[in-house]
Amino acid sequence: MIFMLSKDSRHLHVADQELLLAADGELPSARAEEVASHLAECWTCRVRKGEIDESIRDFVHAYRGNLDPLLPSAAGPRALLKAQLAEMTAERAAVPQGWRARWLQGPHLRYAGAALFVAVLALLIYLRPAFESRQGLRIVPVSFPEPSLTPGVAAAMNRDEICGSADPKNRIVPASLQRRVFEEYGIAGASPRAYEVDYLITPALGGADDIRNLWPQSYSSAVWNARVKDALEDRLHDLVCDGRLDLATAQRDISSDWIAAYKKYFETDRPLQ
Amino acid sequence: MFEDNAIPDLAAANASSAEAVSPKPTPLEEEVVALFDQMRDRLLRYLLSTGVSIQDGEEIVQEVFLALYQHLQRGKSRRNLRAWVFQVAHNLSVKHYVARRRDRQNLLDSGEALAQSLLVDRTPNPEDQLAGTQRHARLQSILGALPEQDRQCLSLRAEGLTYREIGRVLDMSLGAVALSLGRSLARFARAEER
């Protein structure tokens, strides 16, 4: 029971927050019954709930009363929408739908991709002990972080905070933290110049200063290297701040598979640089 | 105001001529148009409350329902389309706002625009006179002074969205939505006491 002790009496009263939730029908049913039962007995809370109801009424009255007269008739936009929908349907019907297109759109490709992924994963698991015993090290990452070490961690920031920041670029990772990342990945002796200790979710997208969000990305990789990922980070930041992409999706896409995200958001299979 | 109203009428004339030669709508087209009938006024009102002009608001609403058509055509989730539609409209309005700010064409920020839209000089009807113009003026000045997100929460709640739906549209937690609404209503209450 979340009751609040009022200042002017020894009686317990329902907090304003709960009165608002009750007025909006947002309380769980058991709690709503408790609040209703309290309101039946308590004049003070009934008056307070009445004030909240009145504030809601006042707002809705001002909101509707001032905006409704501005709304033009829906007939024109409705007819325009119908015409545009008919055009889209006609365009879609004009695209040839041969067996190859249908096959590509069907589930077959997804099943084949999933089977290939499982096969590659099994091969890696099978070969990994032999590789480690030869090298004495874990697999050195080239283009992709190890999910168990770097799942990606986001700080509690919203879009406005991210887009309002004067300097959205990556922060410099402290040297001590860089060393820990190298050790964790089994490349403690590697040259720092060969790798960028990179945020998987960039701070420009709300990524946290957390070792689980950091990984050593190779500069030497010919194709999917740190510079390509930097371009993706800039692209996602622009999309989020332009309102074309929500922040959670950007964070999820870049942390789950940044190469797939690059292909998706640049609409290409190869880096553009 | 006259020009804003004239544009949809012209569009209606053009669209009607296109409609006259178009084939029978598919069930999906009919479904999207039915959703437009249910949601258009609510979406447009919300967009106006965020400072978008009527003409831009109409364009955003069109874009939202074309996106909805493609969304449904691809067989994507039909779960809570009401929140989906508001979310897309909100994102497009943010994009619109950023673009306008970049072009330095937007002279008013959204807070001032809402205050302006709520302070539109119009002939009071008898209902308004009964309600008391002084109290309305006070409410409107409070609304104009609210932070942008609090105002958006209030507008979406006035459009009938649940707290969960508001949280989805504005990318906020349920607790943050409740706090925002409580804060705004407390401001009303304090103003009433003065």
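Residues numbered from 1 in each chain as written. Chains lettered and ligands numbered in written order. Predicted model: local features only at pLDDT ≥ 70, side-chain atom pairs only at ≥ 80, totals over all residues. Heavy atoms only, no water.

Caption draft 1: Main features of the overall build of chain A. A count of helical and extended segments in chain A gives eleven helices and four strands. Scored against the burial criterion, the 273 residues of chain A give a buried share of 38%. Within chain A, contacts between residues separated by at least 24 positions form 66% of all contacts whose residues are at least 6 apart in sequence. (Helix = DSSP H or I, 4+ residues; strand = E, 2+ residues; numbered from the N terminus. Buried < 20%, exposed > 50% of the residue type's maximum accessible area, 1.4 Å probe, protein only. Contact = heavy atoms within 4.5 Å.)

Caption draft 2: Local environment of the overall build of chain B. Along the backbone of chain B there are ten helices and zero strands. The secondary structure elements of chain B, listed N-terminal to C-terminal, are α-α-α-α-α-α-α-α-α-α. Looking at chain B as a whole, 46% of its 194 residues qualify as buried. For chain B, contacts bridging at least 24 residues in sequence account for 66% of all contacts bridging at least 6.

Caption draft 3: The arrangement of the state of the cysteines in detail. Residue and element names in this part refer to chain A. Tallied over the full model, the rule gives one disulfide over all chains. Here Cys 163 pairs with Cys 241 through a disulfide, and the sulfurs are 2.1 Å apart. With the S-S bond torsion at -95°, the cross-link from Cys 163 to Cys 241 turns out left-handed. Taken together, the positions of Cys 163 in helix α7 (residues 159-164) and Cys 241 in helix α9 (residues 226-241) put the pair 78 residues apart, joining distant regions of the chain. Here Cys 241 falls in the buried class, since its relative accessible area comes to 11%. For the unlinked cysteine Cys 42, the closest cysteine sulfur is that of Cys 45, found at 3.7 Å. Among the residues examined, Cys 45 registers a relative accessible area of 3% and is labelled buried. (Disulfide = S-S within 2.5 Å.)

Caption draft 4: Here's a closer look at the packing of aromatic side chains. Under the counting rule described, the total for this entry stands at four aromatic pairs over all chains. Ring geometry for Tyr 262 of chain A versus Phe 266 of chain A: centroids 4.3 Å apart, planes at 25°, classification stacked. Of this pair, Tyr 262 of chain A and Phe 266 of chain A both sit in helix α11 (residues 258-266), four residues apart, roughly one helical turn. Classification of Tyr 262 of chain A as buried rests on a relative accessible area of 1%. Relative to Phe 86 of chain B, the ring of Tyr 46 of chain B lies with its centre 6.0 Å away and its plane at 70°, an arrangement referred to as edge-to-face. Of the two residues, Tyr 46 of chain B sits in helix α2 (residues 27-49) while Phe 86 of chain B sits in helix α4 (residues 81-102), which places them 40 residues apart along the sequence. (Phe/Tyr/Trp six-rings, centres within 6.5 Å; stacked < 30°, edge-to-face > 60°.)

Caption draft 5: The pattern of salt bridges, seen in detail. By the definition in use, this model includes 21 salt bridges over all chains. Linking Arg 45 of chain B and Glu 159 of chain B is a salt bridge whose minimum nitrogen-to-oxygen distance equals 2.8 Å. Of this pair, Arg 45 of chain B sits in helix α2 while Glu 159 of chain B sits in the loop between α8 (148-158) and α9 (163-170), placing them 114 residues apart in sequence. Here Arg 45 of chain B matches Glu 159 of chain B in class, with each residue buried. The salt bridge involving Asp 150 of chain B is made with Arg 183 of chain B; its shortest N-O contact spans 2.7 Å. You can see Asp 150 of chain B sitting in helix α8 and its partner Arg 183 of chain B sitting in helix α10 (residues 174-193), a full 33 residues away along the chain. The structure contains a network of salt bridges with shared partners spanning Arg 64 and Asp 68 of chain A together with Arg 45 and Glu 159 of chain B. (Salt bridge = Lys/Arg side-chain N within 4 Å of Asp/Glu carboxyl O.)

Caption draft 6: A look at helix α10 (residues 247-256) of chain A. Residues and elements named next belong to chain A. Those residues of α10 that fall on the buried side of the exposure criterion are Leu 247, Thr 249, Ala 250, Gln 251, Asp 253 and Ile 254. Those residues of α10 hidden inside the fold are in contact with α7, α9 and α11. Residue Asp 246 occupies the N-cap position of α10, its side-chain oxygen lying 3.3 Å from the main-chain nitrogen of Ala 248. (Polar contact = N/O pair within 3.5 Å; in protein donor to acceptor, adjacent residues only side chain to side chain.)

Caption draft 7: Geometry of α9 of chain B. Residues and elements named next belong to chain B. In terms of burial, α9 is largely enclosed, as six of its eight residues are buried. Those residues of α9 not exposed but buried are Tyr 163, Glu 165, Ile 166, Gly 167, Val 169 and Leu 170. Backbone geometry just after α9 places Asp 171 at a positive phi near 60°.

Caption draft 8: Fine view of the packing of α8 of chain B against α9 of chain B. Residue and element names in this part refer to chain B. Across the interface, α8 lies against α9 with an axial gap of 10 Å and an inter-helix angle of 135°. In this view, α8 runs oblique relative to α9, as classed from their interaxial angle. The way α8 lies across α9 gives a crossing that is right-handed. Contact with α8, carried on its side by Gln 149, Gln 152, Cys 153, Leu 156 and Arg 157, involves Tyr 163, Ile 166, Val 169 and Leu 170 of α9 and no other residues of that element. (Axes fitted to C-alpha atoms, helices over the stretch in contact; angles between N-to-C directions. Parallel < 35°, antiparallel > 145°, perpendicular 65-115°, else oblique. Left-handed = near helix turned anticlockwise from the far one by under 90°.)

Caption draft 9: Just the nonpolar core, in detail. Ranked by size, the top nonpolar core spans 62 residues in total, and within it Val 64 and Phe 65 of chain B carry the most contacts. Sort the elements by how many residues they give to this core and α2 of chain B lands first, with eleven residues. Dropping the residues within four chain positions of it, Phe 65 of chain B is found in contact with Leu 81 of chain A together with Val 32, Leu 35, Phe 36, Met 39, Leu 43 and Val 85 of chain B. Membership of the second largest hydrophobic core comes to 33 residues, among which are Tyr 185, Val 197, Trp 215 and Ala 261 of chain A. (Core = buried A, V, L, I, M, F, W, Y, C linked by side-chain atoms within 4.5 Å.)

Caption draft 10: The environment of Gln 152 of chain B, seen in detail. Residues and elements named next belong to chain B. Mapped onto the secondary structure, Gln 152 falls in helix α8. On a C-alpha basis, the gap between Gln 152 and Val 169 in space is 9.8 Å, while along the polypeptide they are 17 residues apart. Aside from chain neighbours lying at most four places away, what touches Gln 152 is Tyr 46, Thr 50, His 90 and Leu 170.

Caption draft 11: Structural view of the confidence of the model for chain B. Residues and elements named next belong to chain B. Taken over all residues, the pLDDT of chain B has a mean of 75, while the share at 70 or more is 63%. Between the elements of chain B, mean pLDDT differs from a low of 42, seen in helix α1 (residues 2-21), to a high of 94, seen in α2. Scored below 50 in pLDDT, residues 104-108 makes six contacts in the model with residues more than four places away or belonging to other chains. The low-confidence segment residues 128-132 (pLDDT under 50) makes six contacts with residues lying over four places distant or belonging to another chain. (pLDDT = per-residue confidence, 0-100.)

Caption draft 12: Structural view of a nonpolar patch on the surface. Residue and element names in this part refer to chain A. A cluster of nonpolar side chains, Phe 117, Val 118 and Leu 121, forms an exposed patch at the surface whose accessible area comes to about 310 Å². Of note, Val 118 is situated in helix α6 (residues 107-135). Judged by relative accessible area, which is 53%, Val 118 ranks as exposed. (Patch = residues over 30% accessible without salt bridge, like charges linked within 9 Å, V, L, I, M, F, W, Y side chains within 5 Å. Areas by Shrake-Rupley, 256 points an atom, 1.4 Å probe, with all protein chains shown as cover.)

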